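Single-letter residue listing:
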Amino acid sequence: MERTFLMIKPDGVQRNLIGEIIRRFEAKGFTLIGLKLMNVSKELAEKHYEVHKDRPFFPGLIEYITSGPVTAMVWEGNGVIASARKIIGATKPLEAEPGTIRGDYGVTVGRNLIHGSDAPETAQTEIALWFKDEELASWQPSLTPWIYE
């Protein structure tokens, strides 16, 4: 089974959207195997967004992601990375389709509610950065045979 890292950003937490966002991934049939509400240290934020370190928006991004608690999650399922990206919607909320998280709740790029891994390699790196192996649950929901052939 494929795994992905998702993070509800401080604006999503502050707007009380944690339950709604989790509901969408559960309803799709994915399995939540890691979950924690946490404050992000500057060091963790800089490691997570290292790919953007030379961009002019980097300092503001670090300030934003450390401004309040986030909800870090690991989800598992067939095609979970690509599917999660579709559920999340385009990075720019004004370009996101209605029915996606960002299309339904987002207004600006600077407050786009959620992060999702964009590829298997990224997911693996991000999961290892945010979770220890022992923090991930290994389980199979009883609905799995009804979701997968």
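Look above for the structure.
Below, the structure is looked at part by part.

How each quantity is defined
- Counting restarts for each chain: residues are numbered from 1 in the order of the written sequence.
- Under the rules for a predicted model, residues below a pLDDT of 70 receive no local features and side-chain atom pairs below 80 are neither given nor counted, while totals for whole chains, interfaces and linings still include all residues.
- The side-chain values count all of the structure's non-hydrogen atoms but skip hydrogen atoms and water molecules.
- Strands here are runs of E lasting at least two residues and helices are runs of H or I lasting at least four, both read from the DSSP assignment and numbered beginning at the N terminus.
- To get the radius of gyration, use the C-alpha atoms; to get the globule rule, take the number of residues to the power 0.38 and multiply by 2.2 Å.
- Under the scheme applied here, a residue whose accessible area is under 20% of the maximum for its type counts as buried, over 50% as exposed, and between as partly exposed, the area being computed with a 1.4 Å probe on protein chains only.
- In what follows, residue pairs with any heavy atoms lying within 4.5 Å of each other are defined as contacts.
- Accessible surface is estimated by sampling points in the Shrake-Rupley manner with a 1.4 Å probe; for residues, cover comes only from the protein chains shown.
- By this definition, two strands are paired if DSSP reports at least two bridges between them.
- N or O atoms within 3.5 Å of each other form a polar contact, as long as, within protein, one can give a hydrogen and the other can take it, and as long as residues adjacent in sequence are counted only when both atoms are side-chain atoms.
- Lines fitted to C-alpha atoms define the axes here, with helix axes fitted over just the stretch in contact, and angles between the N-to-C directions of these axes take values from 0 to 180 degrees.
- In what follows, roughly perpendicular refers to angles from 65 to 115 degrees, roughly parallel to angles under 35, roughly antiparallel to angles over 145, and oblique to any angle outside these ranges.
- Two helices that cross are described as forming a left-handed crossing if the nearer one is turned anticlockwise from the farther one by less than a right angle, and a right-handed crossing if clockwise.
- The classification used treats Ala, Val, Leu, Ile, Met, Phe, Trp, Tyr, Cys and Pro as nonpolar, Asp, Glu, Lys and Arg as charged, and all other residues, Gly among them, as polar.
- Throughout this description, the term nonpolar core refers to a set of buried Ala, Val, Leu, Ile, Met, Phe, Trp, Tyr and Cys residues connected via side-chain atoms within 4.5 Å.

**Things to note about the overall build of the protein**
Argument step 1. If you tally the helices and strands in the protein, you get eight helices and four strands.
Argument step 2. Scanning the protein from its N terminus toward the C terminus, one meets helices and strands in the order β-α-α-β-α-α-β-α-α-β-α-α.
Argument step 3. Since a compact globule built from 149 residues should have a radius of gyration of about 15 Å, the 15 Å found for the protein is in line with a globular shape.
Argument step 4. C-alpha extents for the protein along the principal axes are approximately 45 × 35 × 25 Å.
Argument step 5. Among the 149 residues that make up the protein, the fraction classed as buried is 47%.
Argument step 6. For the protein, contacts bridging at least 24 residues in sequence account for 78% of all contacts bridging at least 6.
Argument step 7. When the accessible surface of the protein is split by element, carbon and sulfur atoms take 52% of a total near 8,500 Å².

**Re the pairing of strand 1 (residues 2-8)**
Argument step 1. Within strand 1, five of the seven residues are buried, leaving the element largely enclosed by the surrounding structure.
Argument step 2. As defined by bridge partners, strand 1 adjoins strand 3 (residues 70-77) across seven bridges and the pair is classed as antiparallel. By the bridge assignment, T4 is partnered in strand 3 with W75.

**Describing the side chain of H115**
Argument step 1. Inspection of the secondary structure assignment puts H115 in strand 4 (residues 114-116).
Argument step 2. Within the local environment of H115, its side chain forms a polar contact with the side chain of E126, the two groups lying 3.1 Å apart.
Argument step 3. The contact partners of H115, leaving out residues within four places of it in the chain, are F5, L6, M7, K9, H48, I88, R102 and E126.

**Quick notes on unusual backbone geometry**
Argument step 1. The backbone phi angle of N16 is positive, close to 60°, even though this residue is not glycine.
Argument step 2. Tracing the backbone through its elements, the reader meets N16 in the loop between helix 1 (10-14) and helix 2 (18-28).
Argument step 3. Using a relative accessible area of 69% as the deciding quantity, one classes N16 as exposed.
Argument step 4. Here L113, not a glycine, exhibits a phi torsion of approximately 75°, which is positive.
Argument step 5. By secondary structure assignment, the location of L113 is in the loop between helix 6 (101-105) and strand 4.

**What to know about the packing of helix 2 against helix 5 (residues 80-88)**
Argument step 1. Following both chains from N to C, one finds helix 2 and helix 5 inclined at 135°, their axes separated by 11 Å at the closest point. The pairing of helix 2 with helix 5 is recorded here as oblique in orientation. The chirality of how helix 2 crosses helix 5 is right-handed. Residues R24, F25 and K28 of helix 2 touch helix 5, and the partners they reach there are S83, A84, I87 and I88.
Argument step 2. Its residues assigned to classes, the contact of helix 2 with helix 5 shows four nonpolar, one polar and two charged.

**Notes on the nonpolar core**
Argument step 1. F25 and W75 are the most contacted members of the largest nonpolar core, which totals 21 residues.
Argument step 2. If you list the elements that add at least two residues to this core, you get strand 1, helix 2, strand 3 and helix 5.
Argument step 3. When residues of this core are assigned to their parent elements, the largest contribution, five residues, is made by helix 5.
Argument step 4. Beyond its immediate stretch of four places on either side in the chain, W75 contacts E2, R3, T4, L6, I22, F25, E26, F30, T31, L32 and V80.

**Some remarks on the environment of A27**
Argument step 1. By secondary structure assignment, the location of A27 is in helix 2.
Argument step 2. Taking the C-alpha atoms as reference, A27 lies 19 Å from L113; in sequence the two are 86 residues apart.

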